Structure formats: structure tokens, C-alpha cells
Number of protein chains: 2
Amino acid sequence: MTNEQPVVLTIAGTDPSGGAGIQADLKTFTAHGCFGTSVVTALVAQNTTGVQAVHAPPPEFVAHQIRCVVEDAKVDALKTGMLYDTETLRAVITTLRDHFSGKDMPPPLVVDPVCVSTSGHSLLHRDAVETMLRELLPMAAVVTPNVPEAELLLDTAQRADETKITTVQDMIASASALGALGPQAVLLKGGHVNFKHDDLLELMKSATLNATLSVVWLDAAVAGPEPVAVIARNASTAPTENLVLDVLFEKPQKTTVFIRPRLDTTSTHGTGCTLSAAIVCELARGKPVRDAVRAAVLYTHRAIESAPGIGKGHGPLNHLHALVTRPVPLKSASNPFPFVSAMIAACGHEWSAYVKHPFVVQLGKGTLPLDNFKHFIKQDWHYLKYYARANGMLVAKSSTFPAMAAAATTIQAVVSETSTHEELCAQYGVTHKELRITQESAATAAYGGYLLDVAISSDASALLVALGACLVGYGEVGLWLVRQAKEHAEDGFTVEGNPYQRWIEDYAGDAYQHAVTVGLEALERMILDSSPSAARMQEYAHIWRKCTRLEKSFWDMAMTVHS
Amino acid sequence: MTNEQPVVLTIAGTDPSGGAGIQADLKTFTAHGCFGTSVVTALVAQNTTGVQAVHAPPPEFVAHQIRCVVEDAKVDALKTGMLYDTETLRAVITTLRDHFSGKDMPPPLVVDPVCVSTSGHSLLHRDAVETMLRELLPMAAVVTPNVPEAELLLDTAQRADETKITTVQDMIASASALGALGPQAVLLKGGHVNFKHDDLLELMKSATLNATLSVVWLDAAVAGPEPVAVIARNASTAPTENLVLDVLFEKPQKTTVFIRPRLDTTSTHGTGCTLSAAIVCELARGKPVRDAVRAAVLYTHRAIESAPGIGKGHGPLNHLHALVTRPVPLKSASNPFPFVSAMIAACGHEWSAYVKHPFVVQLGKGTLPLDNFKHFIKQDWHYLKYYARANGMLVAKSSTFPAMAAAATTIQAVVSETSTHEELCAQYGVTHKELRITQESAATAAYGGYLLDVAISSDASALLVALGACLVGYGEVGLWLVRQAKEHAEDGFTVEGNPYQRWIEDYAGDAYQHAVTVGLEALERMILDSSPSAARMQEYAHIWRKCTRLEKSFWDMAMTVHS
């Protein structure tokens, strides 16, 4: 989820039990990566079993809350839900009008014309319906009535009491009739009416003939008129039985029918709030109404399908179904390499056992026997062959030229690192031939083999991680030894005059440290680009830790001379 | 995020601007995968610039809201924030006590003793502090005062007016003194006091000597007493300058000091609400207090550091920093294979261009010239070599024996599929030698080469996706042709008596369809296990689409005879 959070606002009642009202709205906003703000029109003592009592603050206090939000932040889209009574409704309308009138682009308003709760409790006084119709609906980008609400609104508009919406044709006509009352678009939610596949044959025929009418099958792989057969035959829900239709009417005369399978569930508390809040989020991101509605209907459908089963009555939805936790924190000023930090942290004491190994300590004090160092240099020369070859595999796994060039640069650097090894050997009287025929120790072969194993079994990212532990670890050893010499000379640490001065200075030096920084940045960029799952992070941590252990074993081996 | 959502409750005031109060709590709950419920003690007209007005509902209505929540769902942990006045506070205490007393394990309560807003507005009447101290604190698992609140609480307890908390020692002593007032644990938040690294030297010495005192460096890779040097040298924030300390006291006498870098920011609106809400979530999941506090402090620190910069005053935190969007919907009854559905949907019309290719249509009608079919069979025989080899690479990339066995089973199935090809060839007068020396067409080599490319450049998951398009597509073709024969015989589709009856029945038959189901399940399991990032999903979609195009090209090629 990016740092760009559109600001969205809900003006509605509350639900302490968390499934509906501003609570459901805020959860939906959060699940969509939006910054949620919310104004309470009425406190409602309710839960999954129904509405028990309502306490409404003075309408002026509702207006005050709205001003707190809109005067402080630029709202990108907003919705209204339960507006309680005429006075509150008027306070909301006036405050929004006062603030946004004269603004070039007032944010899109979604009106969820909440009138009656599922449990039958009136959430909008009857006399307020008229006001909503005359004054609020014309401000709306989208109004989202369910069938009873649509019937009530149309009856009120027509001063009649006869609207009955039972067929597809009724729904299409009613959505358009509601559109004539002022809003830019109407989403007539069909959850109260059940359809079968056969009810839709005529609709689908009309849709092919009529350019202003289109039909969208949601979860199309299963429920479409031409489902993917291999998937449908494995689905336990018969795809064309018991369908729900939502009809979107957009001015001047575009109609879209969204079709989805009906879910056999009682977890529907807060469905309307959730849907309208999801539409707000999609509009806030600039989606066209039809795309916004499509995404919101699907989000809500899935939220119902994965409901957590909380409460004794009509349960709440699962607003969190589309969220996963980011396994690596965002990069920050204080932590520029959060991925590598996490890798090192996951190693626990094994990382210290590697970078502060007794071999390193003796080397830093200059007390390491030369034979051990010679042994180490010879084995490291052999190890570097694997390291270069693994980088060759990295080229083979790269998909961009810069990535290939970076790996090739590493190969070149490794090859020139080996000439330092060769010079040191020559200095110690080890001939090139002796170096070349030195048998690989088990620790060398194990580590080299593991790099090739990762190269064969996994992808470029994992290989980059495997190669990273060595690169970063040697950089750490270099810096640590320089700091030890500065801060703990009394313990015998020294660089100046140390027989291994050149080795320490090489790894602490600018050239190598620059390579480390480049490597760290490549690892972090890879992580930022791919945003790995928790499972993949575990795989990476496993690889990093295994390499850390192999590094430690390598130095254990170097402490035991077999020359 | 799993479907297991612990139920958590906040009892607090509101912030319409979304940064503090129950709004911040609900966002924090959602970000932690918890099911948030919330009781409003007071409506507050506030935003990032400060508190403007408060409207409190009758205390009995606050109690009513609490009952709505606790009588409907099992609450796993809860917090209190702004409690406004003595009457509201008493209503909260009595209602919680009435409900939870006698319960075996009342859920842990986190008390955020909100007294004064950042902007200096009183959020708790002065006379209520005494009640909070005497009656609410003893119910708390954790109480989370900041320094001014701790001073006020201690002064009130001691009927004095002299507490001043300015040093590390003050903080440790005050946390313990607050502990003596009843709560199980005290988190004294040190955001109001600034420390330098040198202030902590004595603390760190004491911690090594004192078994009841420990020091935890958060973001340890940077700020610890022994930072990772290669990371610290690249950090733009000096790690040991300007530190913040939070002191956790746990009964009987364990003290933990959490140290983190101070962030140079004004985005701190709602920090206390967020922190206590995060502790609630961690406790609800059963974490011990110390681990819960550690995680919550880190969550809040990162939320401040990545603040979205909204509003004109003290901006809100980024509650969403740890969330990413799930790119594949959860599996459901109506959509058992959401990953493969998404892959097919992402292909758009190209999937139909493959599975309903003119070659397939002519084959289903029996009108396909035999030469084209022969050409196809011969090339398919060559293609299957690549397919089997790619499965061999899949074995090499597998980390479990069952995964190896599954790929080996596919190899066996492919090899036996080729004997059908050989029999068909023999039937058409094509000798085995002719088959063997038939030159690969470009389409065959391109497709086969691509499978090996994925095998080299990526990991087992990506290879499984590449191998899936063929497996699933042929299953789809088989089922589609059988349905066409049933529903569109008038267009010439037929199975019975079709010269290619055996081919159709092979792919529509139980054996092959079972293999498809097994393959689909393997793909979905892989996705469920690895929960790929959006970037990885794009990579998978790219692979699936490329294979879909290569399949289409393969049939294009088969339509052009070169025998």
C-alpha cells in the first residue's frame, strides 16, 4: 500500500459492534488504502441482533464535525449513510453546500439512502425522505438504494404507494427513474430479489441488441454465461443458480447489470455501508463510476463470502479479506536497508558468531598464526570460483541488461580479488600450482555447492540473497576491525603494523565498502519491487542464515590447519 | 491476513479527522488483522489543529453501547481512551465489572489514561482522575501514561504536586510507583523527554548487573549499542543522537527500557491512541506483555515515520504502513481456483483465441483436414519432450519429496501420452523414424525453449505456472468440445463418429480431467503458501499469457501444413 492515501469521509451513524456505520466505513477505507475520516450523525446502540437505541447529537454539532474535517484536509470523495432526521440531514446538506459550492471540482458524493435497518428499525425519520429526495440526491455522484429504499424513494417522488420491483425489467426501469430525480448515477442493489439463470436470457439478448445496456458477470470464471469449464466443474456452488443482480444507471442513459452468485449466508450486517464506502474509495482514486462500482461490488461480495462469523445475529463482513501484512518495514532515514536489517536480525547470535569469529578477532589483533591465514586464503581462492560461477547463473537469470552488467561487474571484481590472493600466496611462498591443486575443504565445497544449489532451485532474488551474506559480512568485518582498533587498542586490536593490515584495509576500504553499499541497495530495490510475501521472506531468511552458518564454518575450518 | 480475527474493543472519544480516538483505534485494529468494535464516550469536534468542542452522550448510553458489544461477541482484549468525566468513567467501570466479574478469564484491559490533548484541551475532568486511579487502574493489564499523565497520576495518588520526571532513573522509578497503584504493568511513554546516547551509559551498565532490568534497542540494526556498521554508515539519521525511551514495568519487578531514535516530525496526532490500540491487538493474539509492547512501540514508531502528511496542524500517523493488498482473492465455494481464474482473466480474449482456436473448432466438427492433424501430432510429440524436460527441471527445483514425486508422475504421464501420438502416427502411416526426424517448427521450438527459459531463470512456482497453461488449456478444449457437441450439434459439432473422437475423449475424459484438477490444486496451494506480491503476480500473469500465445501460435502453425 503506497503512502499516497486519498482522503475519504463518511457522514453516518455508528455501530459499536463494528459491522456497520462509520465503523464499517473506516474498516473499508483502511482496507482500500485510503485515509478515513468520519462524522457521527447519531450514536446507535446496536449489534448483530439489531438496533436497540439511538442518541443523536445536536445537528449543529454534526455540522461542526464536518467543518473540522473539510476545513483541515482536502477530501477526495465522501459518502453519507444514516442521517437520522430532517434537521441533521439539513445540517449536513447546508454544511457541505457551504463548503463545496463555488469549488471547481467538489469531491464525488455517494449517498447511501439508509432508511430502515435490516432489523426493521427506522434510521431516517419519514419526513426526511422528502428532503433527501429534493436536496441531497441532486448532489450525488452515485446513490445506492436497495430495493425497499428504491420503492420508498420512487413512491415519495411520485406521491404514490405502488412501486414494486420484482423483475429485471423493473430494476432497470427503477434505476433510470431514480436517475431522473437528480443523481448522476444510481446503483440499485438487488440483494432482496432472487434470480435464476433463465430469468436473464432475455436480458442477455437485449444486451447484445442494445448499445446502452451491458451485462457484467462478476467472478466471471465461474458465473459467466461461458464459464471456464475446468473451473466450473470443480466449484461446489452451481454457478447459474440463485443469482443477485445490481443495476447501475449512469446519465444520460447507460445501464450496466452486474451479476453475481447469491451467497447462502446470514452474514450481511453492514453490507450497504461497506459497498458505498468501497465505491467512495474507488472514486477517490479517480476510477470511472462503472469501474468503481464493479470493484466495490466484488470487494463486498468477497467480504460477505469470507465473513468471520462474529456475533449472535446477522454477522459482520470480513473487511480485511484483501489485506496481507507487509513482511518488511518501509525504508526510512534511520533504517535505509530494512530488508538486510531483518535478515541479520533473523540470524540472531549466528550473525555475530560469523562477523566476530575468533578467526576475525585474532586477525584483528595480529595474533592469528600465519599458517591459518594461508590456509584460509587458499580455500577462499577456491570458494571465489563458486562465487563467480553463481554470479554467472545470476546473469542467466536476469531479465534486464543493467542486472546482467551488475553481475558481470561482480564477476570481474571477484577475479581481481583472486589476484590479491595469489600475490599473498606468492609472498608466503605458495606457488600458483600448489594453490591450484590444493584440495577443497568440506566447508569450501559445502558453501560453494549451496550457492549453486540456490542458483539451480530458485530465482534471481533468492540468489542475490545467497550472494549477499558474504558480501555484506566481509564489509562488516572490515569496519568492525577498524573500529575495534580505534576503540579497543587496549585489548590488542590494531590495523597499523598488523601483519594482516592489507587484508583489513581492503575490506574496510572505500572500494569494497562501495561495493557493499551497491549490493545492499540492489537487495533493497529487489525487495521493494517484489514486495515478498511472508513465506518468501522466510525462504530468504533461511538462505541468509544458512550462508551465515556456512561462513562461520568456513572460519572454523580456517582455524584448523591442513596444509 | 487470516480469517481468525480476534475481537478487540475500544472505549474512547472520537476524532472526525481520523487521526486519533476510536478512528485511530479502528484503523490500528484493522491494520493488525483484528475485528474492531468501538464505544463512543464523547463526540469530539477536533482535527489536526486541535480540539474545538465536545458533545458527550448520557453515561447510561455509553453503558448501553458497551453492553451491545460484550453481550454479542467474545471480546479478546480492550482499551479505554478518553473517558471524559467521572459519571462516564463510572458507567464504564460498572458495566465492565458487571459483565466480566465472575468470568474466569476477563480479557486484558489496556488503560490509556488520556487526560489532556496535545493541543492542551482537557479530555478528562480533573475530579475523574481520582476515580481512574482508585477504580480503573487496578483493573488494567497495562496502563500507558505519557510523562505529564504519569506526573498527574502520581501527584494525585500522593496528594502532592511535585513529581518531575526528567531522567532515566525518574522514569524507571515512576513506572514502578505507578505499578504499585494497581495495574499489572505500566508503560511509561518517554516521548516528552529527550535523551542522548551518553545518558544511557549508566543504564546499560545497570542492565548488565541487574537481572530485573533489561534494555531493548528497537530497529536494533541501526540504533543498538553495537549497530551493524555497514548499515549505520549508510543511514542518514545518526543512530545515537536524540533517543526516546519507553519504560515498561511489569509486576512483580521486571523493568524493560525500549530505546528508539527520536523522529523529527510534527506528525504525532493520535500517537497514544495508536500505541495502546496496537498493544490491545497483540495481547488479543496472546502475546506476553513485553512482546506486545515491543511490537506496538515499533508499529507506532514506523507509523509516525511514514506519516502521510495530512491536515494543517499535527498530522496523523500512517496506520497502513504494514499493509499490502492481497493480489489473489481468497478461495471460495464459487471460486475454488482464484489464482487460475485470475490468470485466465488477465489473458482477456487471448485465452479464447487459444482454447477456441479455429483448429479446435474444425477438430470438434470433424472437418479438420487430416494433414493438419498429422502435422499437429508430430509437432506435439516434439513439444512434449520439452514439457517432460521442464518437469525434470521442476524436480531439480523442488524442496520436498512429494513435489518431486508429483513432477515425476507428470513426466510418466507425458511419456505415455506420446505413445498415443505414436499409435496415431502409425495409424496414419507415419513411421517412428519419420516422426523422430521431423524438423521442429519454429512454434514448437519457441514454446519448448520458453519452458526451459523459465526453468533456468526462475523458481519452481513460476515454472509450475508456465507448465499450467498447457495442462489447463487442453482440459478446457476437451470439455468445451464435448459441450459444443451436446448444445450445438446443429453447428456441426460432434464427438460420436468424429474422426478425432479419441483425441477429444482423451482430453475430456476422467483421467486427463483428474490430472487437470490435481494441477489446478497444486497451483492454488503454491499461491496460498507463498501469497505472492502484486509484482510476482504480474510475473506469473506474464508467463501464463506468454504460454497462452505460444499455444495459439502452435495451433496457427498446425493449420499450415509442412509435411
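Residues numbered from 1 in each chain as written. Chains lettered and ligands numbered in written order. Predicted model: local features only at pLDDT ≥ 70, side-chain atom pairs only at ≥ 80, totals over all residues. Heavy atoms only, no water.

## Points about the overall build of chain A
Okay, so step 1: Looking only at helices and strands, chain A features 22 helices and 11 strands.
Okay, so step 2: Taking 563 residues into account, the globule formula puts the C-alpha radius of gyration at 24 Å, and chain A, at 34 Å, lies well above it.
Okay, so step 3: In terms of overall dimensions, chain A has C-alpha extents of about 105 × 55 × 45 Å along its principal axes.
Okay, so step 4: Here chain A contributes 45 positive and 57 negative side-chain charges, whose respective centroids are spaced 3 Å apart. (Helix = DSSP H or I, 4+ residues; strand = E, 2+ residues; numbered from the N terminus. Rg over C-alpha atoms; globule rule 2.2 N^0.38 Å. Lys, Arg positive; Asp, Glu negative; His and termini not counted. Charge placed at Lys NZ, Arg CZ, Asp CG, Glu CD.)

## Quick notes on the packing of helix α18 (residues 442-457) of chain B against helix α22 (residues 534-559) of chain B
Residues and elements named next belong to chain B.
Okay, so step 1: In contact at an axis separation of 8 Å, α18 and α22 are set at 160° when each is read in the N-to-C sense. On the basis of the axis angle, α18 is roughly antiparallel to α22. Here α18 runs over α22; the crossing is left-handed. Between α18, through Ala443, Thr444, Ala446, Tyr447, Tyr450, Leu451 and Val454, and α22, the contact on the second element is made entirely by His542, Ile543, Lys546, Cys547, Leu550, Glu551, Ser553, Phe554 and Met557.
Okay, so step 2: Classifying every residue of the contact of α18 with α22 by side-chain character gives 11 nonpolar, 3 polar and 2 charged. (Axes fitted to C-alpha atoms, helices over the stretch in contact; angles between N-to-C directions. Parallel < 35°, antiparallel > 145°, perpendicular 65-115°, else oblique. Left-handed = near helix turned anticlockwise from the far one by under 90°. Contact = heavy atoms within 4.5 Å. Nonpolar A, V, L, I, M, F, W, Y, C, P; charged D, E, K, R; others polar.)

## A closer look at the domain arrangement of chain A
Okay, so step 1: Here the domain parsing of chain A yields domain 1 (7-192 + 265-329) and domain 2 (342-558).
Okay, so step 2: The gap between the C-alpha centroids of domain 1 of chain A and domain 2 of chain A is 59 Å. (Domains from an automatic or database assignment.)

## Some remarks on the pattern of salt bridges
All names here are of chain A.
Okay, so step 1: Taken as a whole and judged by the stated rule, the model has 42 salt bridges over all chains.
Okay, so step 2: A salt bridge links Asp25 to Lys79; the nearest nitrogen and oxygen atoms lie 2.9 Å apart. Here Lys79 lies in strand β4 (residues 77-80) and Asp25 lies in helix α1 (residues 21-31), a separation of 54 residues in the sequence.
Okay, so step 3: Here Asp25 falls in the buried class, since its relative accessible area comes to 0%.
Okay, so step 4: Here Lys79 falls in the buried class, since its relative accessible area comes to 1%. (Salt bridge = Lys/Arg side-chain N within 4 Å of Asp/Glu carboxyl O. Buried < 20%, exposed > 50% of the residue type's maximum accessible area, 1.4 Å probe, protein only.)

## Concerning helix α3 (residues 86-100) of chain B
Residue and element names in this part refer to chain B.
Okay, so step 1: With 15 residues, α3 extends 21 Å between its outermost C-alpha atoms, agreeing within 8% with the 21 Å of an ideal straight helix rising 1.5 Å per residue.
Okay, so step 2: Where α3 is buried, its residues meet β1 (7-13), β2 (35-47), α2 (59-70), β4 (77-80) and α4 (126-136).
Okay, so step 3: Looking one or two places after α3, you find Gly102, whose phi comes out positive at around 85°. (Expected span 1.5 Å × (residues − 1).)

## Thoughts on the relation of the copies chain A and chain B
Okay, so step 1: When chain A is fitted to chain B, the residual RMSD is 0.1 Å, and the transformation amounts to a turn of 180° plus an axial shift of 0.0 Å. Here the transformation between the copies is reduced to the relation of a two-fold axis.
Okay, so step 2: Most of the interface of chain A is mirrored in chain B, where 100% of its interface residues again form contacts. (Least-squares fit on C-alpha atoms with pLDDT ≥ 70 in both.)

## Comments concerning the interface of chain A and chain B
Okay, so step 1: Residue-level contacts link 112 residues of chain A with 112 residues of chain B.
Okay, so step 2: A combined buried area of about 9200 Å² lies between chain A and chain B, and 59% of that area is made up of carbon and sulfur atoms.
Okay, so step 3: Summed over the three residues of chain A that lose the most area to chain B, namely A:Asp72, A:Val324 and A:Ser334, the buried surface amounts to 7% of that side.
Okay, so step 4: Run the count over chain A and chain B and you get 2 salt bridges.
Okay, so step 5: Here chain A and chain B share 36 residue pairs in polar contact (both at pLDDT 80 or more) between them.
Okay, so step 6: At 11 residues, the largest contribution of residues to the side of chain A that touches chain B is made by strand β2 (residues 35-47) of chain A. (Buried area = accessible area lost by both parts, 1.4 Å probe. Polar contact = N/O pair within 3.5 Å; in protein donor to acceptor, adjacent residues only side chain to side chain.)

## Some remarks on the packing of aromatic side chains
All names here are of chain A.
Okay, so step 1: For the coordinates displayed, the defined rule picks out 42 aromatic pairs over all chains.
Okay, so step 2: Considering the side-chain rings of Trp351 and Trp544, the 5.7 Å spacing of their centres and the 25° angle between planes classify their relative orientation as stacked. With a gap of 193 residues between them, Trp351 in helix α13 (residues 349-355) and Trp544 in helix α22 (residues 534-559) connect regions that are remote in the sequence. The two residues Trp351 and Trp544 agree in class, both being buried.
Okay, so step 3: Look at Phe359 and Trp555: their rings are 5.6 Å apart centre to centre, the planes differ by 15°, and that puts the pair in the stacked class. (Phe/Tyr/Trp six-rings, centres within 6.5 Å; stacked < 30°, edge-to-face > 60°.)

## As for helix α20 (residues 501-508) of chain A
Residues and elements named next belong to chain A.
Okay, so step 1: Those residues of α20 that fall on the buried side of the exposure criterion are Gln501, Trp503, Ile504, Tyr507 and Ala508. One face of α20 carries all of its buried residues, which in axial projection span an arc of 165°.
Okay, so step 2: If you follow the buried residues of α20, they end up packed against α14 (358-365), α15 (370-396), α16 (401-427), α19 (460-487), α21 (510-530) and α22. (Arc of directions from axis to C-beta.)

## Looking at the pairing of strand β3 (residues 50-55) of chain B
Okay, so step 1: Relative to β3(B), β2(B) runs antiparallel, the two being bridged by 5 bridges. Within β3(B), the residue paired with B:Leu43 across the bridge is B:His55. (Pairing = 2+ DSSP bridges.)

## Some thoughts on the nonpolar core
Within soluble globular proteins, side chains that are nonpolar tend to cluster in buried spots.
All names here are of chain B.
Okay, so step 1: Ranked by size, the top nonpolar core spans 81 residues in total, and within it Phe339, Phe373, Phe376, Trp503, Trp544 and Trp555 carry the most contacts.
Okay, so step 2: Ranked by the residues each element gives to this core, the list is headed by helix α19 (residues 460-487), at 15 residues.
Okay, so step 3: Those residues within four positions of Phe373 in sequence are excluded, and the remaining contacts are Phe359, Leu363, Leu368, Leu424, Tyr428, Tyr500 and Trp503. (Core = buried A, V, L, I, M, F, W, Y, C linked by side-chain atoms within 4.5 Å.)

## Points about the packing of helix α3 (residues 86-100) of chain A against helix α4 (residues 126-136) of chain A
All names here are of chain A.
Okay, so step 1: Following both chains from N to C, one finds α3 and α4 inclined at 15°, their axes separated by 9 Å at the closest point. One finds that α3 runs roughly parallel with respect to α4. The two elements α3 and α4 cross, and the hand of that crossing is left-handed. Across the interface between the two elements, Thr86, Leu89, Arg90, Ile93 and Arg97 of α3 pack against Asp127, Ala128, Thr131, Met132, Arg134, Glu135 and Leu136 of α4.

## Section: the side chain of B:Thr420
Okay, so step 1: Its location among the elements puts B:Thr420 in helix α16 (residues 401-427).
Okay, so step 2: In this structure B:Thr420 touches B:Arg502 and B:Asp506, once residues within four positions along its chain are discounted.

## Observations concerning the environment of A:Val328
All names here are of chain A.
Okay, so step 1: Within the secondary structure, Val328 sits in the loop between β11 (323-325) and α12 (338-347).
Okay, so step 2: For the pair Val328 and Pro532, spaced 204 residues apart in sequence, the C-alpha to C-alpha distance is 8.2 Å.
Okay, so step 3: Setting aside anything within four residues of it in sequence, one finds Val328 in contact with Pro338, Phe339, Ile527, Pro532 and Met537.

## As for unusual backbone geometry
Okay, so step 1: That bond from A:Lys251 to A:Pro252 is cis: its omega, 0°, falls within 30 degrees of zero.
Okay, so step 2: Its location among the elements puts A:Pro252 in the loop between β9 (243-250) and β10 (254-261).
Okay, so step 3: Positive phi values are uncommon outside glycine, yet A:Tyr84 reaches one of about 70°.
Okay, so step 4: Checked against the element boundaries, A:Tyr84 lands in the loop between β4 and α3.
Okay, so step 5: You can call A:Tyr84 buried: its relative accessible area is 18%.
Okay, so step 6: Look at B:Arg159: it is not a glycine, yet its phi comes out positive at around 45°.
Okay, so step 7: For B:Arg159, a relative accessible area of 66% gives the class exposed.

## Focus on the pairing of β2(B)
Residue and element names in this part refer to chain B.
Okay, so step 1: The element β2 is largely enclosed, with a buried count of 13 among its 13 residues.
Okay, so step 2: The sheet contact formed by β1 and β2 spans 7 bridges and is parallel. In the strand pairing of β2, Leu9 is matched with Thr37.
Okay, so step 3: Handedness of the crossover joining β1 and β2 through helix α1 (residues 21-31) is recorded here as right-handed.
Okay, so step 4: Joining the antiparallel neighbours β2 and β3 is a turn of 2 residues. (Right-handed = clockwise from strand over helix to strand, strands pointing away.)

## Description of the environment of A:Ala91
Residues and elements named next belong to chain A.
Okay, so step 1: By the secondary structure assignment, Ala91 is in helix α3.
Okay, so step 2: The class of Ala91 is buried, set by a relative accessible area of 14%.
Okay, so step 3: In this structure, Ala91 is in contact with Pro59 and Ala63, ignoring residues within four places of it in sequence.

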